[in-house]
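# Overview (structure and organization)
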Amino acid sequence: MRSTLSHLECSRPGCAERLSPAPARNLCPTCQSPLLARYDLDLARETLTLDELKTRSRSMWRYAEVLPHAARATRNEGKKPRDRTRPVTLGEGMTPLIHAHRLGERLGLERLFIKDEGLNPTGSFKARGLSAAVTMAKALGAPAIALPTAGNAGGAAAAYAATAGIGCVIAMPSDTPVANVIESRAFGADVRMLDGLISDCGRYIAERAADEGWFEVSTLKEPYRIEGKKTMGYELWEELGGALPDVIVYPTGGGVGLIGMWKAFEELGAMGLVGAARPRMISAQAQGCAPIVRAFEQGAAESEFFADAETVASGLRVPKALGDFLILDGIYASGGEAVAASDAELMAACRDMAHLEGIFAAPEGGAGLVAIQKLAARGRVGADETVVLFNTGSGYKYADAWQAALGK
Ligand SMILES: *Cc1c(COP(=O)(O)O)cnc(C)c1O
C-alpha cells in the first residue's frame, strides 16, 4: 500500500495550473490560490477497500493510497520507499465515534454521534493536518516549518517537527490560551508572541519566510494539511460501514477540515466507494467571528474580513479564511448551512456535552453543538438522520474558558 499522489492542481475554478509535488510548494504560482493534491484514483481503488483496511495500522496513515508521500506508487514498480519518506506520525486519527444517546434524546435525535478529535496527539485534530504537512516538508527537504496560529496548530506543528527533527517557528497572538504556548515551547519550537490577530501573525511569517528559509505551513498555504484532515471523512465512511452520515457539523475557522472532508467524499465517489448522496455540511462559528455565517446569509461566494474578531473559541478566530470560497462551495453544494453561537451559548453547550456524555470538549466543539440545537429546534434535522458532530479539540487546553463557565 503506497501513495498514489500524482500532481498538484489549483483550487480556483478556471485556473488550469497543474504542478508536480516537488519541490515543496505553497500557493498556486499563477493566481495565489490554495493547491490541492490529486491522486491516481484508479490505482488507489485496487487496494483501498473496507476488507483490506481491517488489516491496517490504527492511524490515519491506513489510507495511504490517498495520502501524500514522497515515495509514491506507480504501476509496475517494486522499489521500497527510502527511510526519510516514512510518514511522520504520532498515532493521529482513528478517534472514537461516540453515539451520544443522552444528548440525542434531549434534542430528539436518535442517531447523534460525536467524533471526539480531542483524543488526538496534542489534543486536537490539528494533529492530522500537521502529520501530513510535516511528512511532506521533511521529505522535500525543508529545514524548518513556520506558521501563525491562534491555538492548537502551534502545539501540533511543534510536536511533529520535533519528531521529524526539523525546525519550527510559530507566531501567536499574545492572548492565545497559555496551554498552546507552553506545549509549543515544550516541543522546542521558536515561539514569537505578537500583539494582534492570527492574520497579523500570518503576515509576520509570510514577510520573513523567504529570507529565513522557513517553509510556510499556514492553513491552506501548502497542500497537505487538507490531506491529513480529509482522513476524518474516510474514517466516517469506514466506521459507518461504507456509508456517509446525513449531516456533518463542523466548527469552522480556516475550514481545512470541511474542505478536506468534502474532498474525501469526492474521492470516495470517484473510486465508486460511495453513491452520489453527500452529507449536508453545517459550518458552526462563534458570533464574535462569523465571516462564513455572514457570507452564507448573504448567499455570497466569498467572505469578507470580520473586524474585531473576539471569542473564547480561539480556533474559530479566523476573520478571513484563505479558502473561504471552497468552504462556502461545500456548504452550498451539499445543501448545508452556517450557524453562529455566542460564547455563552457555546460554553453552555460544552457543559451539556460534559454532563450528558462525559466528553470534555473544546469551546469550538460547543459551537458545533449549538448549531445542532438551533437546527433541530427549526426542524432542519430529521429525528432518524445520522448526525455527526465534530468535537475538534480537548477541553483540557482551555482552562480559563472552562473556569469562567463553571463559575466559582
Ligand atoms: C483550528 C481549530 C478549529 C478550526 O479548524 P479549521 O479546520 O481550520 O476550520 C476548530 N476547533 C479547534 C479546537 C481548532 O484547534
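The rules we used
Residues numbered from 1 in each chain as written. Predicted model: local features only at pLDDT ≥ 70, side-chain atom pairs only at ≥ 80, totals over all residues. Heavy atoms only, no water. Helix = DSSP H or I, 4+ residues; strand = E, 2+ residues; numbered from the N terminus. Buried < 20%, exposed > 50% of the residue type's maximum accessible area, 1.4 Å probe, protein only. Contact = heavy atoms within 4.5 Å. Areas by Shrake-Rupley, 256 points an atom, 1.4 Å probe, with all protein chains shown as cover. Lys, Arg positive; Asp, Glu negative; His and termini not counted. Charge placed at Lys NZ, Arg CZ, Asp CG, Glu CD. Near = heavy atom within 4 Å. Polar contact = N/O pair within 3.5 Å; in protein donor to acceptor, adjacent residues only side chain to side chain. Nonpolar A, V, L, I, M, F, W, Y, C, P; charged D, E, K, R; others polar. Phe/Tyr/Trp six-rings, centres within 6.5 Å; stacked < 30°, edge-to-face > 60°. Lys NZ or Arg CZ within 6 Å of the ring centre and 35° of its normal.

Let's shift gears to the overall build of the protein chain. Across its full length, the protein chain holds 14 helices and 13 strands. With the principal axes as the frame, the protein chain shows a C-alpha extent of 55 × 50 × 40 Å. Looking at the 408 residues of the protein chain, the share that counts as buried comes to 60%. The long-range share in the protein chain, meaning contacts at least 24 apart out of those at least 6 apart in sequence, stands at 71%. Entry remark: accessible area of the protein chain is about 15,700 Å², with carbon and sulfur atoms responsible for 50%. For the protein chain, the separation between the mean place of its 44 positive charges and that of its 48 negative charges on side chains is 4 Å.

Attention now moves to unusual backbone geometry. With glycine set apart, most residues show a phi of negative sign, and most peptide bonds adopt trans. Here the bond from Ala-22 into Pro-23 is cis, since omega is -5°, no more than 30 degrees from zero. Secondary-structure assignment places Pro-23 in the loop between β2 (18-19) and β3 (35-39). One non-glycine residue, Met-94, lies in the positive phi region at around 55°. Inspection of the secondary structure assignment puts Met-94 in the loop between α2 (50-53) and β4 (97-99). Positive phi outside glycine occurs at Leu-220, with the angle close to 65°.

Turning our eyes to something else, we now look at the site of the ligand. Taken together, 18 residues lie near the ligand, and Lys-126, Lys-229, Tyr-250, Gly-255 and Thr-392 sit nearest. Take Gly-257: an N or O atom from its main chain is 3.1 Å from an oxygen atom of the ligand. Protein chains bury 97% of the 380 Å² of accessible surface belonging to the ligand in isolation. When residues of the shell around the ligand are traced back to their parent elements, those giving at least two are β10 (247-251) and α9 (256-270). Looking at the shell around the ligand residue by residue, the classes come out as 6 nonpolar, 9 polar and 3 charged.

It is worth spelling out the packing of aromatic side chains at this point. Evaluated as defined, the whole model comprises 6 aromatic pairs. Look at Phe-125 and Tyr-250: their rings are 5.8 Å apart centre to centre, the planes differ by 40°, and that puts the pair in the tilted class. With Phe-125 in the loop between β5 (111-116) and α4 (126-139) and Tyr-250 in strand β10, this pair connects stretches of sequence that are 125 residues apart. A residue is classified by how much of its surface remains accessible, and Phe-125, at 5% relative accessible area, is buried. For Tyr-250, a relative accessible area of 2% puts it in the buried group. An angle of 20° between the planes, with centres 5.8 Å apart, marks the rings of Phe-296 and Tyr-332 as stacked. Of this pair, Phe-296 sits in helix α10 (residues 291-297) while Tyr-332 sits in helix α11 (residues 324-334), placing them 36 residues apart in sequence. The exposure class of Tyr-332 is partly exposed, given its relative accessible area of 34%. An aromatic cluster of three or more residues is present, and its members are Phe-125, Tyr-250 and Phe-390. Above the ring of Phe-325, the side-chain terminus of Arg-12 is found at 4.1 Å from the ring centroid. Taking the ring centre of Tyr-63 as reference, the NZ or CZ of Arg-62 above it sits at 6.0 Å.

Keep in mind these numbers describe shape, not what the thing actually does.
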